[in-house]
Amino acid sequence: MKQQEQIYAALYQLLRRAPDETASSLAEDYSLGGPSPEPFALHLVAYLQLKQACPALLSSRDASPTATISAELRSAIAEASCDR
């Protein structure tokens, strides 16, 4: 288990070092910015507190009908401090 934790830590560190590229990849590959972003993208943005993803997160929020904005999307917006 320790080795897996080290791999995840290294991966997260790499993604944090390239925040613009990370946000761009999540938009291209996981629909971040569209009306139905993939849960993986939302989780990763929230975990990394990736402020660079705020424009895409807010686009996803605006593209979604108000009644269907997911808790994951709300959480990612809050964790990335997009509402500040």
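Let us look at the structure shown here. (Residues numbered from 1 in each chain as written. Predicted model: local features only at pLDDT ≥ 70, side-chain atom pairs only at ≥ 80, totals over all residues. Heavy atoms only, no water.)

Inspection of every chain in the model, using the stated rule, returns one salt bridge. A salt bridge links Asp-62 to Arg-61, with the shortest nitrogen-to-oxygen separation between them at 3.3 Å. Look at Arg-61 and you get partly exposed, because its relative accessible area is 35%. (Salt bridge = Lys/Arg side-chain N within 4 Å of Asp/Glu carboxyl O. Buried < 20%, exposed > 50% of the residue type's maximum accessible area, 1.4 Å probe, protein only.)

Let's shift gears to the nonpolar core. Formed by 22 residues in total, the largest nonpolar core has its most connected members in Leu-26, Leu-32, Val-45, Leu-50, Ala-53 and Leu-57. Within the residue set of this core, elements represented by two or more residues are helix 1 (2-17), helix 2 (19-30), helix 3 (39-48), helix 4 (54-63) and helix 5 (71-79). A total of six residues in this core trace back to one element, the largest contributor, which is helix 3. Setting aside anything within four residues of it in sequence, one finds Val-45 in contact with Leu-26, Leu-32, Leu-50, Ala-53, Leu-57, Ala-76 and Ala-80. (Core = buried A, V, L, I, M, F, W, Y, C linked by side-chain atoms within 4.5 Å. Helix = DSSP H or I, 4+ residues; strand = E, 2+ residues; numbered from the N terminus. Contact = heavy atoms within 4.5 Å.)

This paragraph deals with the packing of helix 3 against helix 5. Packing of helix 3 against helix 5 brings their axes to within 8 Å, and their N-to-C directions diverge by 25°. Here helix 3 is positioned roughly parallel relative to helix 5, judged by the angle of their axes. Crossing hand, helix 3 versus helix 5: left-handed. Contact with helix 3, carried on its side by Leu-42, Val-45 and Ala-46, involves Glu-72, Leu-73, Ala-76 and Glu-79 of helix 5 and no other residues of that element. (Axes fitted to C-alpha atoms, helices over the stretch in contact; angles between N-to-C directions. Parallel < 35°, antiparallel > 145°, perpendicular 65-115°, else oblique. Left-handed = near helix turned anticlockwise from the far one by under 90°.)

Put plainly, a disulfide is one covalent bond tying together the sulfur atoms of two cysteines. On inspection of all chains with the given rule, the structure shows one disulfide. Residue pairing for Cys-54: its cysteine sulfur links by disulfide to Cys-82, the two sulfurs lying 2.1 Å apart. Between Cys-54 and Cys-82 the sulfur-sulfur dihedral comes to about -90°; the bridge is accordingly left-handed. Within this pair, whereas Cys-54 is found in helix 4, its partner Cys-82 is found in the segment after helix 5, the two being separated by 28 residues in sequence. Given the relative accessible area of 9%, Cys-54 is considered buried. For Cys-82, a relative accessible area of 12% puts it in the buried group. (Disulfide = S-S within 2.5 Å.)

Scanning the entire structure with this criterion turns up three aromatic pairs. With a centroid separation of 6.1 Å and an interplanar angle of 20°, the aromatic rings of Tyr-8 and Tyr-12 are classed as stacked. Of this pair, Tyr-8 and Tyr-12 both sit in helix 1, four residues apart, roughly one helical turn. Note on Tyr-30 and Phe-40: the rings are 4.9 Å apart at their centroids and 50° apart in plane angle, and the pair reads as tilted. (Phe/Tyr/Trp six-rings, centres within 6.5 Å; stacked < 30°, edge-to-face > 60°.)

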